[in-house]
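Below are the chains, spelled out letter by letter.
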Amino acid sequence: MNKNLYQKNHPAEFWKLPYQINDKVEWDNLCKSASSSLPVEAQNENIEKILQNTLGEEQFGKDQWKLSKTRRLFYDIKPFIPKRI
């Protein structure tokens, strides 16, 4: 995955705060604090990882779209099962 994929979606770009924050350390602290409201699987100490977990759905794991053997078998034989009229 492209590590810069979510760079434009960094909280500094879309959080509409009433004041300007230019300090990276302060952004890190704000993001870590706010991440406590995320599901446990999405929480992380690293902002880039938080963005990957939330925007990129990496919290669900690399096999989230992989079907079980039973479902794969079903979809393999489904074309041969007669449809009801």
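Our structure is the block above this text.
Reading the values: the criteria
- Residues numbered from 1 in each chain as written.
- Predicted model: local features only at pLDDT ≥ 70, side-chain atom pairs only at ≥ 80, totals over all residues.
- Heavy atoms only, no water.
- Helix = DSSP H or I, 4+ residues; strand = E, 2+ residues; numbered from the N terminus.
- Buried < 20%, exposed > 50% of the residue type's maximum accessible area, 1.4 Å probe, protein only.
- Areas by Shrake-Rupley, 256 points an atom, 1.4 Å probe, with all protein chains shown as cover.
- 1 Å grid on protein atoms, 1.4 Å probe; cavity = no way out; pocket = protein on both sides within 12 Å on 5 of 7 lines; lining within 4 Å.
- Points joined across faces, edges and corners; volume = space filled by probe spheres on them.
- Nonpolar A, V, L, I, M, F, W, Y, C, P; charged D, E, K, R; others polar.
- Core = buried A, V, L, I, M, F, W, Y, C linked by side-chain atoms within 4.5 Å.
- Contact = heavy atoms within 4.5 Å.
- Phe/Tyr/Trp six-rings, centres within 6.5 Å; stacked < 30°, edge-to-face > 60°.
- Patch = residues over 30% accessible without salt bridge, like charges linked within 9 Å, V, L, I, M, F, W, Y side chains within 5 Å.
- Salt bridge = Lys/Arg side-chain N within 4 Å of Asp/Glu carboxyl O.
- Arc of directions from axis to C-beta.

Novice: Got a minute to help me understand the overall build of the chain in this structure?
Specialist: Of regular secondary structure, the chain possesses four helices and zero strands. Put simply, the chain runs from its N terminus to its C terminus through helices and strands in the order α-α-α-α. Looking at the chain residue by residue over its 85 residues, the buried ones come to 16%. Of the accessible surface of the chain, which amounts to about 7500 Å², a share of 54% is contributed by carbon and sulfur atoms.

Novice: How should the layout of surface pockets be read in this particular structure?
Specialist: Any empty space left between atoms is shown by rolling a water-sized probe over those atoms. The space that makes up the largest pocket amounts to roughly 170 Å³. What lines the largest pocket is simply Pro11, Phe14, Trp15, Cys31, Ala34, Ser35, Leu38, Ile47, Ile50, Leu51, Thr54 and Leu55. Among the elements of the structure, α1 (11–14), α2 (24–34) and α3 (47–55) are those that each provide at least two residues to the lining of the largest pocket. A total of five residues in the lining of the largest pocket trace back to one element, the largest contributor, which is α3. Within the lining of the largest pocket, the residues separate by chemical class into 10 nonpolar, two polar and no charged.

Novice: Could you clarify how one ought to interpret the nonpolar core in this entry?
Specialist: General note: in soluble globular proteins, nonpolar side chains tend to be found buried as a group. Counting residues in hydrophobic clusters, the biggest one holds six residues: Tyr6, Ile21, Trp27, Cys31, Ile47 and Leu51. Among the secondary structure elements, those contributing two or more residues to this core are α2 and α3. If sequence neighbours within four positions are ignored, Trp27 has contacts with His10, Pro11, Ala12, Trp15, Leu17, Ile21 and Ile47.

Novice: Is there a simple way to think about the packing of aromatic side chains in this case?
Specialist: How two aromatic rings sit relative to each other is given by the distance of their centres and the angle of their planes. In this structure the tally under the stated criterion is one aromatic pair. Between the aromatic rings of Phe74 and Tyr75, the centroid separation amounts to 5.0 Å while the plane-to-plane angle is 75°, which identifies the pairing as edge-to-face.

Novice: So what exactly am I meant to see when it comes to the environment of Tyr6 here?
Specialist: On the secondary structure map, Tyr6 appears in the segment before α1. With a relative accessible area of 10%, Tyr6 lands in the buried category. Separated by 46 residues in sequence, Tyr6 and Gln52 place their C-alpha atoms 7.3 Å apart.

Novice: Got a minute to help me understand a nonpolar patch on the surface in this structure?
Specialist: Taken together, the side chains of Leu67, Leu73, Phe74, Tyr75, Ile77, Phe80 and Ile81 define a hydrophobic patch exposed on the protein surface, amounting to about 720 Å² of accessible area. Along the chain, Ile81 falls in the segment after α4 (69–77). Ile81 gets classed as partly exposed once you look at its relative accessible area, which sits at 41%.

Novice: Help me out: how do you make sense of α2 in this one?
Specialist: Turn by turn, an α-helix covers 3.6 residues, leaving residues three or four places apart pointing in a common direction. Listing the buried residues of α2 in full gives Trp27, Asp28 and Cys31. The buried residues of α2 occupy an angular sector of 100° when the element is viewed end-on, so they sit on one face. Across from the buried face of α2, at angles greater than 90 degrees, the exposed residues are Val25 and Ser33. Taken together, the buried residues of α2 touch α1 and α3.

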